[in-house]
Structure formats: C-alpha cells, structure tokens
Amino acid sequence: MKRFVFLLLITIVFTASHAQPSEANYDESRVPHYTLPDLLTCQDGTVVTSVREWERHRRPELLRQLADGEYGRTPKGRVRVSYDIVGQNAQALNGLATQQQVLFTFTGQGRQVKALALVYIPNQRSGRVPVFIGYNFPGNHAITDDPEVRFSPFFERLPDKDSALERTRGMSRWPLSMILERGYAVVTMCYNDIYPDNADGAPQSILSLFPANTDGEARWQALGAWAWGSSRIADWVCRQSWADAHKLILIGHSRQGKAALWAGAQDTRFEVVISNESGCGGAALSKREFGERVGRITSSFPHWFCPAFSQYAGREQQLPFDQHQLLALIAPRHLYVASAEGDQWSDPRGEYLGAYHASPAYALYGLRGLTSSDMPALHQPIHNHVAYHIRAGRHDVTDYDWQRYLDYCDHAFGIGLSPRPHL
Ligand code: GTR
C-alpha cells in the first residue's frame, strides 16, 4: 500500500509533464486555413471602436460566450469562508521571509471543503508588497523542503499517507528565495484542494457547496472551480496589511494556465495574469488544430470544461469563439503568455498568435500589445503591455521563466525605477 501511495504521489508531482500522441499534427504546413471570429465585432454586427463600447457591450458578451461554450458559468451564490492560521514562522527561508499557513474552510449546503494556503512574505519590505498567487500541483509540501510545511488537505484522504508523502517533500520546488529576494510575496495552494483533478472529483470539490446546478451543458466543472478558488485566495490576500491589493499577479502553468486566464478574465483584481504553457483551452488558438485538440482534451479530461465544449471535438472551425477572445478579456491589465520550444503539444505559435490577436483590445486603451504576427526567436522576450517569450526546453516552469516574469512585473509596477528602500 505504501508503495502504491508513493507511486500515486509521484504521478501527482509530475502530473504537469505529458505524453504527446503521435496522431496530433506538429506540421505547420498542415494547419488548416482558418478565420478567427473578429474580436471587435459584436454578435449584432456592430464594430467596437471605443473602450466604453468594449466594456459595456463586447466584453460581457464574450464572457458569456466563453462561459456557455467552454468554461461553464460561475454560480452567483456565495459560500461561507473562514480562515485559520495553522502555521507561522517569522524566520523562514533563512530569515528571508515570514511563512504562514492559512486553512480556508468553505461551507455550503451543510458541507465543508478545506484548502491550505502556503504564504511567504518578504521580511525586508517597506510598505505593502506585490503578491504572486498561483496553485501548485503536487501539494504545498512538495514545492519547498521547508519541514514545517503541512500536507495539503487533499491528501488527508489517502490511506497510510504520511511516510509516502514525506518522500515527496521538496520534489517539485518553486524558486521561493528568488521571488522573495525581489520583494514579492507568494501565496500558493494545491489545486486538488479546490477540485480534485479526476473525473470523479466533483463531490469532494467546492462545487458540492453550491445548490444543485441547473446550467445543463453550460455547467461549470474543474477549470471554473479552480478559477473561482483563485478569486477566493485574492479575497484573503486583499485583507492583509502586508499585501498591495493593486499588485496581484496570478500565475498558472499548463492546466492552471488555462484556469488563470479564465480567472483573470472574470476577476479584474488580478493586475497581471501569467499563462505559462497553457496550450489548448488556454492561450493557444483552437482553430489551428495543432498539438492538443478539442476532441482529445475533452475526452482525456471530461471534468475540466463545461460539457458544451465537447461538441466542438473535431469541429474547431465551427467554434463561435477562439482563445484570443479569452486573452482580450484581461485588457487593459497586464498579460504575459509564455511557451517552450519542446512543448509542441501546447502549440507555441498558437499561444503567441492568441496573444497577438488579443492585442486590438489593448489598442482600444492606447496600450501596446504584440505588434507583429511573427514570433520572436528563442530567449528574446517581448515585454510590451502584452508580453511573450519562448524558451528552449520542455513543458515546465523554469528559473528562466520566473526571472522574466519578475522583470516584467518590476516594469509593470515601476519597481526599480528609483532605488528600492529595502534593498
Ligand atoms: C496535459 C494536457 C494539457 C495540459 C497538461 C498539464 O495532459 O493535455 O492540456 O494542461 O496536461 O496541465 O500539465
């Protein structure tokens, strides 16, 4: 049993790496001719030319379309949340940071779901700090070798878990010191706490706290729930005296990149939204039919999108929307899309073009998006208001990626323009 639990945990730790089936198209010359739905043309044919029309008419229309056809509708009802500090260390990471562990208890329909946030706040700070918010895959204990970090509540259900879990401590580390030394706080949580990532996860997820869902084919599932959870983390962060509520950065990798974009589209408190290799259903244009496709993703992961999305399996050209419209909903806030050359499954060019075709929404605000349809070369980041980079290597979040994100956020927030008092 211990061996089984250990193998299961290793699978969870490395869940973000994936096989690329041979039937997928990786040949640019076989990308079909496609026409993207025009970003600025409303369903009634009116063409948007002002911020006012965009915000009043087109933006809500696109939000509805994406909710009904792809991610599911986020219920309006609220669940109760309480917070308990269950761990605290003012001298974590060799004194660099204050660590807190905050247990969120969500209550609704007579049930409870628990989720554990792991928080690091830079000790050297003068005033409020910008905050990275992002889910981890393998559990809080796996992203650091800090022995005080507790196991995420999702793992409570595993039998005989402790010794097996202990062996995965620190196996999928985040560069916490690098981020904290740059003056940023980090708040992370295991995404499985919010919705266990499997086809039978719904009853244990936060979905079970809401009244019976009547949205039919447009009902939300895991991606909608993860997006909702990011907003609940933001609720807590915004109440903390050390946090700058105007400098919230939402970061997500892969399936969490998809969730981050959907969260950023709905919740305008996220001032920067970072999609790291989010691929199909994330930043990549579906109509390119390159790498992972709608049919494959909706059959491998039937619990991610709303059921309506699967009707476009093998019918991407019939989609009434595409992913550039999701990215455009982040405007006028900061958007960063990043790819890896070795991650063709996520379609780097499709991710770049998604951001490029979102740029007209930024232009309405007089902001510079991506100005050329040609992708930059490897390791040549573009840091306009909409940012993009592609690096060598496989599907992952590397130090290279984090350094670029930190540089971009410094720029977005005007950090480093004058000497920083705390450095
Ligand atoms: C893959 C999936 C991708 C991506 C990835 C991940 O199996 O096909 O869409 O989300 O998982 O999250 O690591």
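In case you missed it, the structure is sitting above this.
Here the structure is a predicted model, which means the values were calculated and not measured.

Caption draft 1: Quick peek at the packing of aromatic side chains. If you walk through the whole model with that rule in mind, you get 24 aromatic pairs. The structure contains a cluster of three or more aromatic residues connected by ring pairs, namely Tyr 83, Phe 104, Phe 106, Phe 210, Trp 220, Trp 228, Trp 236 and Trp 242. The aromatic ring of Tyr 400 is capped on one face by Arg 404, whose charged end is 4.5 Å from the ring centroid.

Caption draft 2: Inspection of the pairing of strand β8 (residues 334-340) at higher detail. Most of β8 sits out of view: seven of its seven residues are buried. Alternating residues of β8 divide into His 334, Tyr 336, Ala 338 and Ala 340 and Leu 335, Val 337 and Ser 339, and every residue in both groups is buried. Pairing of strand β7 (residues 270-276) with β8 involves five bridges; the strand directions are parallel. Across the sheet, residue Ser 275 finds its bridge partner in β8, namely Val 337. Bridge count between β8 and strand β10 (residues 386-391): six bridges; the pairing is parallel. Each residue of the ladder has a partner; that of Ala 340, found in β10, is Arg 391.

Caption draft 3: Seen up close, unusual backbone geometry. Of note, the amide linkage connecting Ala 331 to Pro 332 takes the cis form, showing an omega dihedral of 5°. Within the secondary structure, Pro 332 sits in the loop between α10 (323-328) and β8. Even without being a glycine, His 379 presents a positive backbone phi close to 60°. With respect to the helices and strands, His 379 occurs in the loop between α11 (348-364) and β9 (382-383).

Caption draft 4: Structural detail: the pairing of β7. Counted residue by residue, β7 has six buried out of seven residues, so it is predominantly covered. Sheet topology places strand β6 (residues 243-253) next to β7; six bridges connect them, and they run parallel. Directly across from Ile 251, in β7, lies its bridge partner Ile 274. As for the winding sense of the linkage, the β-α-β connection from β6 through helix α8 (residues 255-266) to β7 is right-handed.

Scoring rules and cut-offs
- Residues numbered from 1 in each chain as written.
- Predicted model: local features only at pLDDT ≥ 70, side-chain atom pairs only at ≥ 80, totals over all residues.
- Heavy atoms only, no water.
- Phe/Tyr/Trp six-rings, centres within 6.5 Å; stacked < 30°, edge-to-face > 60°.
- Lys NZ or Arg CZ within 6 Å of the ring centre and 35° of its normal.
- Buried < 20%, exposed > 50% of the residue type's maximum accessible area, 1.4 Å probe, protein only.
- Helix = DSSP H or I, 4+ residues; strand = E, 2+ residues; numbered from the N terminus.
- Pairing = 2+ DSSP bridges.
- Right-handed = clockwise from strand over helix to strand, strands pointing away.

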